[in-house]
Amino acid sequence: MEIISNCTQDVIEKAAKALTEGHLVAFPTETVYGLGADATNEMAVSRIYSVKGRPSDHPLIVHISSINHLEKWAIDIQEYAIKLAKDFWPGPMTLILKRSQLAKDYITGGQSRVGLRVPAQPIALALLANFEKNGGFGIAAPSANRFGAVSPTRASDVSEELQTYLNKKDLILDGGPCLVGLESTIINCVDSLPVILRPGAVTKEMINSSLQIDGIESNDESDFKVSGSMESHYSPKAKVFVDLPPGPGDGFIAIKSIPTPIGTIRLASPKSIEQFATDFYAALRLGDKKGLERIYVIQPEGSGLAEAIRDRLNKAASR
Ligand code: TXA
Ligand code: MG
């Protein structure tokens with residue numbers, strides 16, 4: 001495995017070629033780092049599952065370079081889904097659509113729907129464009145962490161967590177820290193009305209306003225999964241507590257205006273909700289690095305991105 005931090009055009013070409021040859025390429029997106037494989041190569045996709053230690057019936061998001069490639073992967077697309085794609089792609093949003101022939105069972109976990117996303121991060125977009133130029137159709141990429149763990153927001157998180165599972169010819173592209181820091185908003189667009197399956201930086205308010213509707217529904221993504229439980233999702237090794245008083249030696253995360261309780265170890269002091277999202281996973285990882293047993297988090301208030309943070313926080317705490 002090689003980590004490359006200066007992602008020049010040559011590097012992008014090398015990475016696209018590696019994907020075409022069936023190797024894995026971890027790459028930055030604006031949400032979190034993804035572990036990419038050629039979405040039409042079953043062998044390569046199966047390596048994603050073994051590197052992540054992920055059950056094989058969990059579907060993968062297919063990343064494409066633009067809305068123009070949507071109809072290769074999806075059929076019978078609702079009009080509102082096209083509107084969302086036009087308004088929020090490239091960006092932190094995944095649409096769940098009825099799959100085409102191209103989206104095989106090994107991508108969709110045997111379901112008749114496929115998850116698609118056009119990321120906004122320039123390295124991700126360049127990689128996709130180059131891969132498609134070489135005849136590729138899309139890059140399957142889950143978050144580049146071991147199953148159940150916290151998503152990586154820096155290339156070093158990926159290498160620390162996955163290096164023992166990656167092969168010599170696999171690559172990690174380092175594009176610096178992810179801007180958003182939380183996984184994409186997932187919207188089920190299969191039925192006549194959209195449903196949010198996972199909140200993210202494309203917020204309920206943004207979707208309502210784009211579609212000129214009042215109350216888009218939410219449904220937990222775990223309700224849509226075929227097997228197992230999602231309980232251990234997004235969890236660090238430390239036990240996470242929400243809105244409870246920490247004790248001496250415990251980790252503490254809260255917005256900057258909240259003072260650090262005496263004797264606790266401050267892991268992050270974000271100044272805004274956006275920064276809270278960006279720093280949150282890195283702060284949980286820092287707690288693990290310090291060997292803390294408990295991390296206490298004061299959840300951010302309000303709508304929008306704060307909802308996505310509370311969603312991940314409560315999943316991390318439900319272990
Ligand atoms: O921001 C993101 O979405 C990142 C970056 C790399 O794009 N990817 C990501 O992938 O978070 P992953 O696999 O860690 O989480 C994707 C979620 C999973 O919970 C999966 O079950 C759901 O999306 N998903 C993917 N395809 C689906 C489908 N066809 N039907 C229902 N859920 C699906
Ligand atoms: Mg994930």
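Residue indices begin from 1 for each chain and proceed along its sequence in written order. Chain A is the first chain written and ligand 1 is the first ligand written, with later ones labelled in order. Confidence filtering applies because this is a predicted model: local features only for residues at pLDDT of at least 70, side-chain atom pairs given and counted only at 80 or more, and all residues used for totals across whole chains, interfaces and linings. Calculated side-chain values reflect all of the structure's heavy atoms, with hydrogen atoms and water omitted.

Examining the pattern of salt bridges
Here's step 1: Any Lys or Arg side-chain nitrogen found within 4 Å of a carboxyl oxygen on Asp or Glu counts as a salt bridge. Using the criterion set out here, one finds 17 salt bridges in the structure.
Here's step 2: The salt bridge involving E21 is made with K17; its shortest N-O contact spans 3.3 Å.
Here's step 3: Residues D157 and R154 are paired through a salt bridge, measuring 2.9 Å at the closest nitrogen-oxygen approach.
Here's step 4: Here the term buried applies to any residue with accessible area under 20% of the maximum for its type, exposed to any over 50%, and partly exposed to those in between, with areas from a 1.4 Å probe on protein chains only. We classify D157 as buried; its relative accessible area is 2%.
Here's step 5: Residues participating in the shared-partner salt-bridge network are R154, D157, E161 and R285.

Side note on the side chain of E161
Here's step 1: Under the scheme used here, helices are H or I runs from DSSP no shorter than 4 residues and strands are E runs no shorter than 2 residues, and both carry numbers assigned from the N terminus. Checked against the element boundaries, E161 lands in helix α7 (residues 155-162).
Here's step 2: Any pair of nitrogen or oxygen atoms within 3.5 Å is treated as a polar contact; in protein, a donor-acceptor pairing is required on top of that, and neighbouring residues in sequence qualify only through side-chain atoms on both sides. At 2.9 Å, the side chain of E161 and the side chain of R285 are in polar contact.

As for the nonpolar core
Here's step 1: To define a nonpolar core, start from buried Ala, Val, Leu, Ile, Met, Phe, Trp, Tyr and Cys residues and group those joined through side-chain atoms within 4.5 Å. In this structure, L35, L84, L95, L97 and L116 are the most contacted members of the largest nonpolar core, which totals 48 residues.
Here's step 2: Membership of the second largest hydrophobic core comes to 27 residues, among which are V180, I255, L267 and A316.

Looking at the domain arrangement of the protein
Here's step 1: Taken domain by domain, the protein comprises domain 1 (2-218) and domain 2 (239-316).
Here's step 2: What fixes the domain bounds is an automatic or database domain assignment. Computed over C-alpha atoms only, the centres of domain 1 and domain 2 are separated by 27 Å.
Here's step 3: With 24 residues of domain 1 at the contact, the number on the domain 2 side is 16 residues.
Here's step 4: In this description, buried area is defined as the sum, over both parts, of the accessible area (probe of 1.4 Å) that is lost when the two are combined. Buried surface at the junction of domain 1 and domain 2, both sides included, amounts to about 1500 Å², of which 53% is carbon and sulfur.
Here's step 5: Linking domain 1 with domain 2 are five salt bridges.
Here's step 6: Across the pair R285 and D157 runs a salt bridge, and its minimum N-O distance is 3.8 Å.
Here's step 7: Connecting domain 1 to domain 2 are nine residue pairs in polar contact (both at pLDDT 80 or more). Contacts: residue pairs with any heavy atoms within 4.5 Å of one another.

Comments concerning helix α10 (residues 305-317)
Here's step 1: The terminal C-alpha atoms of α10, which comprises 13 residues, lie 18 Å apart, in line with the 18 Å expected from a rise of 1.5 Å per residue.
Here's step 2: All of the buried residues along α10 are L305, A306, A308, I309, D311, R312, L313, K315 and A316. Multiplying 1.5 Å by the helix residue count minus one yields the expected span of that helix.

Here's the deal with the pairing of strand β15 (residues 294-297)
Here's step 1: Strand pairing follows a simple DSSP-based rule, namely that at least 2 bridges must link the two strands. Relative to β15, strand β12 (residues 239-242) runs parallel, the two being bridged by four bridges. Across the sheet, residue V240 finds its bridge partner in β15, namely I295.
Here's step 2: One ladder, built from three bridges, connects strand β13 (residues 251-253) with β15; its direction is parallel. Opposite F252, over in β15, you have Y296 as the bridge partner.

A word on the packing of helix α4 (residues 79-88) against helix α8 (residues 204-211)
Here's step 1: Axis lines are fitted to C-alpha atoms, over the contacting stretch for helices. Their N-to-C directions set the angle, which ranges from 0 to 180 degrees. Between α4 and α8, the least distance of the axes is 10 Å, while the angle of their chain directions is 120 degrees. Classified by the angle between their axes, α4 and α8 sit oblique to one another. Every pair of crossing elements has a handedness; the one defined by α4 and α8 is right-handed. In this structure, α4 contributes Y80, K83, L84, D87 and F88 to the contact, and α8 contributes M206, I207, S210 and L211.
Here's step 2: In this count, Pro and Cys sit with the nonpolar residues alongside Ala, Val, Leu, Ile, Met, Phe, Trp and Tyr, while Asp, Glu, Lys and Arg are called charged and the others, Gly among them, polar. Looking at side-chain class alone, the contact of α4 with α8 contains six nonpolar, one polar and two charged residues. Oblique is the label for any angle not under 35 degrees, not over 145, and not in the 65 to 115 range, which are roughly parallel, roughly antiparallel and roughly perpendicular in turn. We call a crossing left-handed when the near helix sits turned anticlockwise from the far one by less than a right angle, and right-handed when that turn is clockwise.

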